[in-house]
Amino acid sequence: QTTPATTATIVRLLREDLRGRTAYGAPQLDVPVALNTNENSYAVPAPVVEEIVAAVRAAAGGLNRYPDREFTALRGDLAAYLSRSGTPVTPEQVWAGNGSNEVLLHLLQAFGGPGRTALGFTPAYSMHPIITATTGTSWVDGLRGGEAGSGGAGSGAAFDLTAESAARQAAEHDPHVVFLCSPNNPTGTALGLDVVEAVHEAAPRAVVVVDEAYEEFARPGTPSALTLLEGRPRLVVTRTMSKAFAFAGGRLGYLAADPALVDALRLVRMPYHLSTPTQVIARAALAHVDTMLGTVDVIKEQRDRIVTELGRLGLDPVPSDANFVLFGGLRDAAVTWRTLLDAGVLVRDVGIPHYLRVTAGTPEETTAFLEAVAALPPDHH
Ligand code: PMP
């Protein structure tokens with residue numbers, strides 16, 4: 001059992017720039033309907049479970065040896081998957097880590113660091129500034145919503161990011177790393193490629209990272225930044241198997257970029273960072289891409305249903321290209337969060353006043369969520 005005195009000692013030993021910070025902490029509560037971390041609600045399909053178990057069994061005897069440090073076979077599989085988009089991606093363009101969070105960490109370790117700056121456009125993925133801080137990189141909070149966050153009212157206009165605004169902010173701060181998140185978490189909408197192009201041009205010394213964790217859920221007409229990689233060695237597209245692939249527990253994130261940039265990441269990764277089980281289970285899943293992605297369409301339907309129904313209930317949902325919906329119009333988001341939790345539905349309070357975020361799960365989970373919202377006392381919105 002620790003004491004206040006020991007805590008104080010540890011705080012004195014801690015890096016000055018980490019003192020007073022709080023750890024990332026989406027609640028992991030045991031509730032009937034958990035719609036708070038944008039996981040895929042569907043279990044890994046049974047035939048793929050069998051292949052995963054067989055792959056681990058086959059690899060288990062070799063666990064006395066370190067894994068392939070360069071995860072060559074897995075890189076090939078990830079490159080083949082990305083190439084299905086129509087943009088050819090080679091294995092040399094691919095890097096992977098234990099979740100895309102680790103891939104983002106590698107990028108900051110290599111291209112950020114003390115004396116360097118990373119720019120993001122808030123509200124965006126909360127881990128971008130946290131990972132930035134852990135590497136001693138300075139964080140600059142860029143703004144969404146056109147003119148310095150003024151934004152229009154309703155349907156998420158306050159969260160739009162135009163090419164002009166993003167480029168102006170990138171030029172002003174001249175960062176070493178820029179984060180763009182498309183589709184954006186927590187707001188849900190994808191960015192036009194014009195924003196990516198404009199930021200890339202306006203920040204000539206920056207590695208520009210487009211976090212596409214939710215890309216597979218995007219509505220038609222929102223192309224991936226993969227199509228911009230050719231001729232842009234400072235551009236990086238990160239992806240994950242945690243969302244559309246229903247593989248969050250497998251911890252496999254990856255990126256595509258120029259082979260020279262990928263090669264630089266080998267300077268900062270720990271040797272053998274991807275364990276043998278991680279590599280073999282990810283490969284087993286990637287051998288069944290269509291099965292693993294089989295739930296994407298039903299999740300998109302539930303997402304669209306949430307947007308429509310919340311609008312009907314008098315709330316203000318933001319159009320979404322992801323597997324979640326941000327909705328506004330709440331008097332007190334924290335109070336509504338608690339009321340929904342008491343009804344067995346866990347959503348996410350992302351810290352935006354009057355807004356909450358809900359993950360699109362199964363039709364049954366969506367129904368439970370919508371019924372809980374419909375049952376809210378009228379003074380909630
Ligand atoms: N990027 C975004 C935008 C996310 O929302 C998440 C997960 N919530 C991640 C990256 C990280 O996911 P993982 O580490 O599981 O790949």
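The protein chain appears in an unreviewed UniProt entry as Histidinol-phosphate aminotransferase from Knoellia remsis. Regarding the protein chain, the relevant UniProt record gives this comment under Cofactor (unreviewed entry): "pyridoxal 5'-phosphate".

Enquirer: Account for the site of the ligand, naming residues and giving values.
Expert: Not every one of the 13 residues close to the ligand is listed here, only the nearest: Gly99, Ser100, Ala213, Thr240 and Ser242. For the shell around the ligand, a count of residues per class yields four nonpolar, eight polar and one charged.

Enquirer: If you had to explain the domain arrangement of the protein chain to someone new, which residues and values would you point to?
Expert: By the assigned domains, the protein chain splits into domain 1 (27–42 + 295–380) and domain 2 (58–288). Here the C-alpha centroids of domain 1 and domain 2 sit 26 Å apart. Counting residues per element, the ones that place at least two in the side of domain 1 that touches domain 2 are helix H11 (296–312) and strand E10 (324–328). Grouping the constituent residues of the side of domain 1 that touches domain 2 by class yields eleven nonpolar, five polar and five charged.

Enquirer: Let's hear about the sheet that holds strand E2 (residues 94–97): which residues, and what values?
Expert: Sheet strands line up and pair through hydrogen bonds in the backbone, either parallel or antiparallel. Spatially, seven strands are ordered E2-E8-E7-E6-E5-E3-E4 in an open sheet, and the strand pairing comes out mixed. This sheet does not close on itself; its edge strands, each paired only once, are E2 and strand E4 (138–143). Strand after strand, the sheet turns through a mean of 25° between neighbouring axes, direction not considered. Seen against the sheet, helix H6 (residues 163–173) touches strand E3 (117–122), E4 and strand E5 (177–181) and runs at an angle of roughly 155° to E3.

Criteria and cut-off values
Residues numbered from 1 in each chain as written. Predicted model: local features only at pLDDT ≥ 70, side-chain atom pairs only at ≥ 80, totals over all residues. UniProt positions renumbered as here; feature names shortened; annotations may be inferred. Near = placed C-beta within 6 Å. Nonpolar A, V, L, I, M, F, W, Y, C, P; charged D, E, K, R; others polar. Domains from an automatic or database assignment. Helix = DSSP H or I, 4+ residues; strand = E, 2+ residues; numbered from the N terminus. Pairing = 2+ DSSP bridges. Axes fitted to C-alpha atoms, helices over the stretch in contact; angles between N-to-C directions. Contact = placed C-beta atoms within 7 Å.

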